[in-house]
Amino acid sequence: MTQTGFCDSRPLLDLHKKAEERRAPLRTWANTRGPKERRSLAESEEPRGPHCKTTPECRWARRMPVSAEDGIVMGYAEQNGSTDGREEEVLLQCLHGLPGLRVLVPGLLRREMELTMETLGLVHDRTYAWDIFSDMMRSQLHYTFPCMELPRPFTDAARAIVVDWLIQVHEMFNFSEETLYLTVHLLNRAMRQIKVSISNLQLLGMVCLFLAGKKEECLLPEISELCFLMDNSYSKRQLLRMERRVLCELDFELSHCPPLHFLLLTASIAHCSDKVVWMARYLLELSLLENQCVVFQPVQLASAALCLARLVLQEAHSPESETAWCIATSLHICSEPMLQRIMHILAVTASGAQERETRATFVKFSTAKTLQVSGHPGLQSAPYLLGPGGAPVRPQVREGPLKGMRAGETGHYMRTHT
Amino acid sequence: MQNLRQAATEAFHRLGLKQRHLGYEELSDLEDSSYPNEPQPHWFHTLQKTGLQFGTATSYLNLEKLGEGAYATVYKGISRINGHLVALKVIRMKTEEGVPFTAIREASLLKGLKHANIVLLHDIIHTRESLTFVFEYVQTDLAQYMTQHPGGLHSHNVRIFMFQLLRGLSYIHRNRILHRDLKPQNLLISYLGELKLADFGLARSQSIPGQTYSSEVVTLWYRPPDVLLGSTDYSTALDIWGAGCIFIEMLQGAPAFPGVTDVFEQLQKIWAVLGVPTEETWPGVSEMPNFKPEWFLPCEPQLFRNVWKRLGQLPYKTEDLAQQLLRGAPETESPRRTPCCTPTSTPCRPRSCTCETRCQCSRCPG
């Protein structure tokens, strides 16, 4: 079904492109990323090359891991061990030498991307869209943290409470969503770099919000208002001193690439319904509360949120939307186990969101404006929709790969901890 | 390497600049002989102390005051670490709002920008009372340069400056940043003829849908008509218009649209040249907040060369570029890339802007 849709559209790519565009040098991730990702890229790009006639089934299953039949996904993950990876690397090397390198340029994706970035207002000049997007992909790697451990006085629970409170304050000020993502990113960095006592954590959070607002917003609240929101437990002077300190320690580096941008981009390329987008936004915002999510790249979080949203809502898909989804998923640059792992974290968080103490996001997304996504019954059983960790839906199919994945997962987990 | 050299030479050739001045060979010579081997002033040893570090106030010496901005005072200074001249921008702290948001935006944006045509932020000094940004020292700015050379600049210099201005703009636009405050005072000119964009206090990175910017940006003379009319979803076209105004100003020696009092007079000045827009020429213009057709005298579009006489003395391509830069109605159908062509010679393709050539020019005579 899907592969035919996509393959049919392939020849169109080059035909309606101008000669000049065709000659453009290859500017894909392959050029900008390390060897490890490059391999996974090669996998996703291959179907467009001339050599891909051999195993289209598996490859397509690989490209749309969630919506495909479960058996294919898992079976594929099992068959393609290390040997396949090596093969592909060799193949990629061969391809680099070929004159027809442009075949590999994901032309359709690129065109879609440029159009989407423009309609979303991420760029004002479509001609710069691809440059800007490549830059986003490159820079987003800097916004992850090597380990999720917080320094001594802080705990995940304390962090979650502060973030939850910040979400409420942020909503009250009607700030844009980027500001929220920037705030939490700054908070994550500040908590790791600045030594403050746990009693000053709220102040630190507020200062991060204030700085993010100064960077992004047109209208700023008064300082006295901020102090009032903190129950006047800190003076204005303390707040200003903390601001200087945070700026100094973070060395004025306040740029961020919010996962929300990737989410909106992917969703819009995939022509997702409003409901799916709101659900994904909800899941993505929930990820802010989870300290364990800081180790993932923004684009990975966005992909996982969107995949999970589709899985939870179980909407009927037309062939066109499947095709669009295929194109969009080539943006997902994370490996299958990684995606599953993030989705699992998000699913567990979402299923418990209602009972938790920190439920600002839950409340925020239960309004009519957001299509009441947070109250969707499917979320309660979300962890069970996924294989690992939750109750396996089809144990007989998943048994093999599941073991391997678990081993890999714990291995990775250990690494991040040491 | 060979390709790069060729590309550079070609690019400069297309620019119409003499190979003698700007060939790659000379560039590499220049680079070799730049800062590290530069003989230090004979009094330098008196300044140097051991253990000086970046980021501390004692590493820099204030020499003289250069100017005062809205939120900062700029001093000329010298670095005691390496003897370079620097510009020290001392930020005034406000007790009501802390570090000014302009300073925050400027520093955080400049940290991500490294380009020959963007002013370089060397260092940031935090002290208890103040905050100081250390910039590279650039001798003069375009406003001063134009006062020193009244009656319009030489067309070769206009070409050189314009190329660098557009290249700088193209670079920041590619990085999702709008300058939003282009004016001759913010374009620094080094004695080598390098032009550098400065003062990113109002600049911001573009972000998401629905986000509106305040319409109180850009000094009135350099504001495009759609912003004057109250539009807030402006784009790279904002900076392009400013570049167009500066282009005309460099040629003519006088501002292109010197409005005096308010927005309406400014619009009148612009439309005296471009013609008052109608629904046909600019779909949606009548819905703009500030659009009141009865306030404006009816004007027909004029030929640029009749308005600005200097254009008539130069090849048609110059007028073409001016027309590309100064467009009355926002583009809807075909988006435009920051035009990176040179005024009086064959337009060079955007690609040449991306090649890493430093546009170092010989001394510019007036």
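For clarity, every value in this text was computed on a predicted model and none was experimentally measured.

Participant: Looking at this model, I keep getting lost on the state of the cysteines. Mind explaining?
Facilitator: Formally, a disulfide is one covalent bond, and it connects the sulfur atom of one cysteine to the sulfur atom of another. Residues and elements named next belong to chain A. Going through the model one piece at a time under the given rule, you end up with zero disulfides over all chains. The cysteine Cys208 is free of any disulfide, with Cys248 supplying the nearest cysteine sulfur at 14 Å. Distance from the sulfur of Cys272, which forms no disulfide, to the nearest cysteine sulfur (Cys307) is 9.3 Å.

Participant: Would you explain the sheet that holds strand 3 (residues 85-91) of chain B in this entry?
Facilitator: The strands making up a sheet associate through backbone hydrogen bonding, with each pair oriented either parallel or antiparallel. Residues and elements named next belong to chain B. Reading across the sheet, the five strands line up as 1-2-3-5-4 and stay open at both edges, with antiparallel pairing between neighbours. The open sheet terminates on both sides in strands that have one partner only, identified here as strand 1 (60-68) and strand 4 (121-126). Pairs of neighbouring strands in the sheet enclose a mean axial angle of 30 degrees, with direction left out of account. Pairing of strand 3 with strand 5 (residues 131-136) involves six bridges; the strand directions are antiparallel. Counted as the bridge partner of Lys89 is Phe133 from strand 5. Docked against the sheet, helix 5 (residues 101-110) engages strand 3, strand 4 and strand 5, running at close to 40 degrees with respect to strand 5.

Participant: Looking at this structure, I do not really get the UniProt feature "domain: Cyclin-like" (unreviewed entry) in chain A. What am I missing?
Facilitator: UniProt annotation of "domain: Cyclin-like" (unreviewed entry) refers to residues 164-248 and 261-348 of chain A when read in the numbering used here. Structurally, residues 164-248 of chain A comprises 73% helix and 0% strand, and the distance from its first C-alpha atom to its last is 26 Å.

Participant: Explain the UniProt feature "binding site: ATP" (unreviewed entry) in chain B to me, please; I cannot follow it from the model alone.
Facilitator: Residues and elements named next belong to chain B. Listed under "binding site: ATP" (unreviewed entry) in the UniProt record, and renumbered for this structure, are Lys89. Relative to the helices and strands, Lys89 is located in strand 3. The buried category is assigned to Lys89, whose relative accessible area is 10%. When neighbours within four sequence positions are excluded, Lys89 is seen to be in contact with Tyr71, Ala72, Thr73, Val74, Glu106, Leu131, Thr132, Phe133, Phe135 and Asp199.

Participant: Would you take a moment to explain the packing of helix 15 (residues 259-269) of chain A against helix 16 (residues 274-289) of chain A for this structure?
Facilitator: Residue and element names in this part refer to chain A. Where helix 15 contacts helix 16, the two axes come as close as 11 Å, and the packing angle between them is 160 degrees. By the angle between their axes, helix 15 is roughly antiparallel relative to helix 16. Between helix 15 and helix 16 lies a crossing of right-handed hand. Within the contact between the two elements, helix 15 uses Pro259, Leu260, Leu263, Leu264 and Ala267 and helix 16 uses Val277, Ala280, Arg281 and Leu284. Here the contact of helix 15 with helix 16 is composed, by residue class, of eight nonpolar, no polar and one charged.

Participant: Would you mind showing me how to read the packing of aromatic side chains here?
Facilitator: Aromatic ring pairs are defined here through the distance separating the ring centres and the angle between the ring planes. What the rule picks out here adds up to 12 aromatic pairs over all chains. Ring plane angle 40 degrees and centroid distance 5.8 Å describe the contact between Trp130 of chain A and Phe133 of chain A, whose orientation is recorded as tilted. Taken together, the residues span about one helical turn, with Trp130 of chain A and Phe133 of chain A both in helix 9 (residues 129-139) at a distance of three residues. Accessibility assignment for this pair places Trp130 of chain A and Phe133 of chain A in one class, buried. Where Trp221 of chain B meets Tyr222 of chain B, the ring centres are 6.5 Å apart and the plane angle is 55 degrees; that geometry is what we call tilted. On the basis of relative accessible area, Tyr222 of chain B is assigned to the buried category, the value being 5%.

Participant: Looking at this structure, how should I read the pattern of salt bridges?
Facilitator: Close approach of charged atoms lets side chains of opposite charge pair. Counted under the stated rule, the structure contains 16 salt bridges over all chains. Note that Arg174 of chain B is salt-bridged to Asp131 of chain A, the shortest N-O span being 3.1 Å. Of this pair, Arg174 of chain B sits in helix 7 (residues 155-174) while Asp131 of chain A sits in helix 9, each in a different chain. Just as Arg174 of chain B is buried, Asp131 of chain A falls in that class too. The partner of Glu68 of chain B in a salt bridge is Lys65 of chain B, with the nearest N and O atoms 2.7 Å apart. Residue Lys65 of chain B is classed as partly exposed on the basis of its relative accessible area of 47%. Each of the salt bridges in this network shares a partner with another, and the network as a whole consists of Asp251 and Glu253 of chain A together with Lys111 of chain B.

Participant: Teacher, can you tell me more about the sheet that holds strand 9 (residues 195-197) of chain B here?
Facilitator: All names here are of chain B. Taken in spatial order, the three strands line up as 6-8-9 in an open sheet, and their pairing is antiparallel. Of all the strands in the sheet, the pair left with one neighbour each is strand 6 (140-141) and strand 9. For strand 6 and strand 8 (residues 187-189), the ladder comprises two bridges, and the chain directions are antiparallel. Looking at strand 8, one finds that Thr140 is bridged to Ile189.

Participant: Honestly, the packing of helix 9 (residues 237-252) of chain B against helix 13 (residues 316-325) of chain B in this entry has me stumped. Any pointers?
Facilitator: How two helices pack is summed up by the angle between their axes together with the distance between the axes. Residue and element names in this part refer to chain B. The geometry of helix 9 relative to helix 13 is characterised by a closest axis approach of 8 Å and an angle of 145 degrees between their N-to-C directions. Crossing of helix 9 over helix 13 shows left-handed handedness. When helix 9 is examined against helix 13, the residues Ile240, Trp241, Ala243, Gly244, Phe247, Ile248 and Leu251 are found in contact with a partner set consisting of Thr318, Leu321, Ala322 and Leu325. Class assignment of the residues belonging to the contact of helix 9 with helix 13 gives a composition of nine nonpolar, two polar and no charged.

Participant: Please explain the environment of Met136 of chain A as it appears in this structure.
Facilitator: Within the fold, Met136 of chain A resides in helix 9. A sequence separation of 164 residues divides Met136 of chain A from Gln300 of chain A, and the C-alpha atoms of the two residues are 13 Å apart. Residue contacts for Met136 of chain A: discarding those within four places in its chain leaves Met117, Cys257, His261, Phe262 and Leu265 of chain A together with Arg176 of chain B.

Participant: Would you mind showing me how to read unusual backbone geometry here?
Facilitator: Across residues other than glycine, the phi torsion is negative in most instances, and most of the peptide bonds are trans. Here Asn232 of chain A, not a glycine, exhibits a phi torsion of approximately 50 degrees, which is positive. Within the secondary structure, Asn232 of chain A is located in the loop between helix 13 (223-229) and helix 14 (236-250). Although it is not a glycine, Asp199 of chain B sits at a positive phi angle of roughly 60 degrees. For Asp199 of chain B, the location among the structural elements is in the loop between strand 9 and strand 10 (204-205). Residue classification places Asp199 of chain B among the partly exposed positions, given a relative accessible area of 27%.

Thresholds applied
Here the residue numbers are simple positions, counted from 1 along each chain's written sequence. Written order decides the labels, with chains lettered from A and ligands numbered from 1. With pLDDT at 70 or above as the cut-off, local features in this predicted model cover only qualifying residues; side-chain atom pairs require 80 or more to be listed or tallied, and sums for whole chains, interfaces and linings still use all residues. Note: side-chain values were computed over all heavy atoms of the structure, leaving out hydrogens and water. Defined by distance alone, a disulfide is two cysteine sulfur atoms within 2.5 Å. Strands are labelled as partners when DSSP assigns at least two bridges between them. Each helix is a run of H or I in the DSSP string that is no shorter than four residues. Each strand is a run of E no shorter than two, and both are numbered from the N terminus. Angular values range over 0 to 180 degrees, each being the angle between N-to-C directions of two axes fitted as lines to C-alpha atoms, with helices fitted over their stretch in contact. Working rule for contacts: check all heavy atoms of both residues, and any pair within 4.5 Å makes them a contact. UniProt positions are given in the numbering used here, feature names are shortened, and annotations may be inferred rather than shown by experiment. Note on exposure labels: buried denotes an accessible area under 20% of the residue type's maximum, exposed denotes more than 50%, and partly exposed covers the range between, all computed with a 1.4 Å probe on protein chains only. Just so you know how the angles are binned, under 35 degrees is roughly parallel, over 145 roughly antiparallel, 65 to 115 roughly perpendicular, and the rest oblique. Should the near helix be turned counterclockwise from the far one by less than a right angle, the crossing is left-handed, whereas a clockwise turn marks it as right-handed. Residues are grouped as follows: Ala, Val, Leu, Ile, Met, Phe, Trp, Tyr, Cys and Pro are nonpolar; Asp, Glu, Lys and Arg are charged; all remaining types, including Gly, are polar. Two rings belonging to Phe, Tyr or Trp (six-membered ring only in the last case) form a pair when the distance between their centres is within 6.5 Å. Interplanar angles under 30 degrees mark stacking, angles over 60 mark edge-to-face geometry, and anything in between is tilted. We define a salt bridge as a side-chain nitrogen of Lys or Arg found within 4 Å of a carboxyl oxygen belonging to Asp or Glu.

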